Amino acid sequence: MPLASILLPPSPLQNTVSKPAPRTQSQLKEKAKHNQICQLEINKAVEEWKKTTLTMVANLSERFGKKPHHFLDLFFQNGTHLVHKHSKVNAYNAFLHMKAEELCDNSKTPTLAMLHSEEFKNEYNNLEVHESEEIIARHMESGSAASIKHATAKGRVQDVASTFKAMQQMMNGLNTCIGIEGFICIVRNLPEYHMEPKWYFSNKAFMDYMKIGVPTQKGWDLGYIGTKLEAFTIAGCDMICEAITCSLLILKLTCYITDLHRTSKQQADKIKRQIHKKICVMLIEITHNESVQMHYIDYEEKIIQHFSVELIGWTHKKFVNPSELPTSLPSLQNLLNAINTGSSKFVWLPPVQLVAHCQECRAAIENGLVPALRHTTPGKTEAQRGNMWMIWIRKMGILRMHRQ
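The following refers to the structure shown. Residue indices follow the written sequence of each chain, beginning from 1 at its first position. Given that the model is predicted, a residue must reach a pLDDT of at least 70 before its local features are reported, and side-chain atom pairs must reach 80 or more before they are shown or counted; all residues, however, enter totals for whole chains, interfaces and linings. Hydrogens and waters are ignored; side-chain quantities use all the structure's heavy atoms.

Re the overall build of the protein
And then number 1: Secondary structure summary: the protein contains 16 helices and four strands in total.
And then number 2: Buried residues in the protein amount to 25% of all 404 residues.
And then number 3: Contact definition: two residues touch when any of their heavy atoms are within 4.5 Å. Here the contacts in the protein between residues at least 6 apart in sequence split such that 60% fall between residues at least 24 apart. Counting from the N terminus, the helices are DSSP H or I runs at least four residues long and the strands are E runs at least two residues long. For every residue, the accessible area (1.4 Å probe, protein chains only) is compared with the maximum for its type, and the residue is labelled buried under 20%, exposed over 50%, or partly exposed between those bounds.

Here it is as structure tokens:
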């Protein structure tokens, strides 16, 4: 009986091996870079092997008059028995494991010499058949119980990562053996476990195609679609909700087909209306004011100064009302995508940054770099209108002005 196959219980002695010192950030980056280079070399070698194998398969197919997948099955499927684990338990190993546990219970450290002593050999040889079967059953039961691990946060992350990696390998295997392309998306179905939706595409060209092929206003946004799927699974995958979702997709598809028959001017006007509506919604959400209105001509005074918010991520060179933008569909769609993805949004301006912004604008007006703001406040003289920046700042208590 090989000594390496004997199962020993964990030693009661404490491990005195010191842990290695934690790596620095530079060491971690260097290690990650080295692993990335190594993985790229492995992928390159695997691709070369794949091309060689497919060439050999084509030659064998032509030589013996069989289809290529016949030889691919011979290459990859005939070795499946090698990955199956040997589940049969040896009675002698189970007996030694039981004796090792007894020694541990008696505060003794089991060694190979003690387990293979003549006393234990004679005891094993004198066992009845039903006693050996009982020891094997007890050993299998204890082994299955020991294999059950508590679901810790780190264990969940590792399980998800290893399982997702196995799914990718299975997808790549199907691609090699049969010729299948596809993508994988996994989401959580419990709110207690926090995990971002995970995606995998067997062909990167799918990403570019889905942006064109999916007829939705938001486009093929992985974050948006993954979040929707996650919310659907957490809600219990209700079939009523699913039917409503399918109806909405059909309605959007109908609207998309209708849009194909519109002129470029009509499509541009539709996108402009969507941009204007979304900007108003974002302004209401950040200010918590349902009656607020977006101003483009008096944007500096009535939006930035009044609400201390600024719209960032504007993709056009000139900031004007969306209705005054050019009718170029790519540029309009680019702006709409920026708003949908959150790269163009309203942000709060801290008091210091707001004061600096107002002073820069005032200096630019005084230097003639930009035209003066058009104020519509009645009853104000030109001098009073020229001091609107400082008047507003003083009212907000951000900058105290002292008379000299």
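Some thoughts on the environment of T53
And then number 1: You can see T53 is positioned in helix α1 (residues 25–64).
And then number 2: Only 2.8 Å separates the side chain of T53 from the backbone oxygen of W49, close enough to count as a polar contact. What qualifies as a polar contact is a pair of N or O atoms within 3.5 Å, subject to a donor-acceptor requirement within protein and to the restriction that residues adjacent in sequence count only when both atoms come from side chains.

Some words on the packing of aromatic side chains
And then number 1: Stacked, tilted and edge-to-face are the three classes assigned to paired rings of Phe, Tyr and Trp, where Trp is represented by its six-membered ring and a pair needs centres within 6.5 Å; plane angles under 30 degrees give stacked, over 60 edge-to-face, the rest tilted. Inspection of every chain in the model, using the stated rule, returns nine aromatic pairs.
And then number 2: Ring geometry for W199 and F201: centres 6.1 Å apart, planes at 5°, overall stacked.
And then number 3: The exposure class assigned to W199 is buried, which follows from its relative accessible area of 18%.
And then number 4: Take F201: its relative accessible area is 12%, and that puts it in the buried class.
And then number 5: Taken together, Y296, Y299, W314 and F319 form an aromatic cluster joined through their ring pairs.

Concerning the nonpolar core
And then number 1: Core analysis: the biggest nonpolar cluster contains 27 residues, and I275, I279, L283, M294, I303 and F346 have the highest contact counts within it.
And then number 2: The set of elements that each furnish at least two residues to this core consists of α11 (264–287), α12 (299–307), β3 (309–312), α13 (329–341) and α14 (351–366).
And then number 3: With seven residues, α11 is the single largest residue contributor to this core.
And then number 4: The contact partners of I279, leaving out residues within four places of it in the chain, are M294, Y296, L311, W314, P322, I339 and F346.
And then number 5: One finds Y92, A94, L115 and F120 within the second-largest nonpolar core, a separate group that totals 10 residues. To define a nonpolar core, start from buried Ala, Val, Leu, Ile, Met, Phe, Trp, Tyr and Cys residues and group those joined through side-chain atoms within 4.5 Å.

Thoughts on unusual backbone geometry
And then number 1: The backbone phi angle of H288 is positive, close to 55°, even though this residue is not glycine.
And then number 2: Its place among the elements puts H288 in the loop between α11 and α12.
And then number 3: Of note, S308 is a non-glycine position whose phi angle comes to about 60°, a positive value.
And then number 4: For S308, the position within the fold is in the loop between α12 and β3.
And then number 5: A relative accessible area of 13% means that S308 is categorised as buried.

Points about the pattern of salt bridges
And then number 1: Definition used for salt bridges: Asp or Glu carboxyl oxygen within 4 Å of a side-chain nitrogen of Lys or Arg. Enumeration over the complete set of coordinates arrives at four salt bridges.
And then number 2: With a shortest N-O distance of 3.3 Å, E134 and R138 are connected by a salt bridge. Taken together, the positions of E134 and R138, both in helix α6 (residues 129–147) and four residues apart, correspond to about one turn of that helix.
And then number 3: Its relative accessible area of 46% is what places E134 among the partly exposed residues.
And then number 4: With a shortest N-O distance of 2.8 Å, D269 and K265 are connected by a salt bridge. You can see D269 and its partner K265 sitting in helix α11, four residues apart, about one turn around the helix.
And then number 5: Judged by relative accessible area, D269 falls into the partly exposed class, the value being 23%.
And then number 6: Connected through salt bridges with shared partners, the residues K99, E102 and E123 form a single ionic network.

A closer look at α1
And then number 1: Helix length check: α1 (40 residues) gives 57 Å between terminal C-alpha atoms against 58 Å at 1.5 Å per residue, within 8%.
And then number 2: What α1 keeps buried is the set T53, V57, L60 and S61.
And then number 3: Looking one or two places after α1, you find G65, whose phi comes out positive at around 70°. To estimate how far a helix should extend, the number of its residues minus one is multiplied by 1.5 Å.

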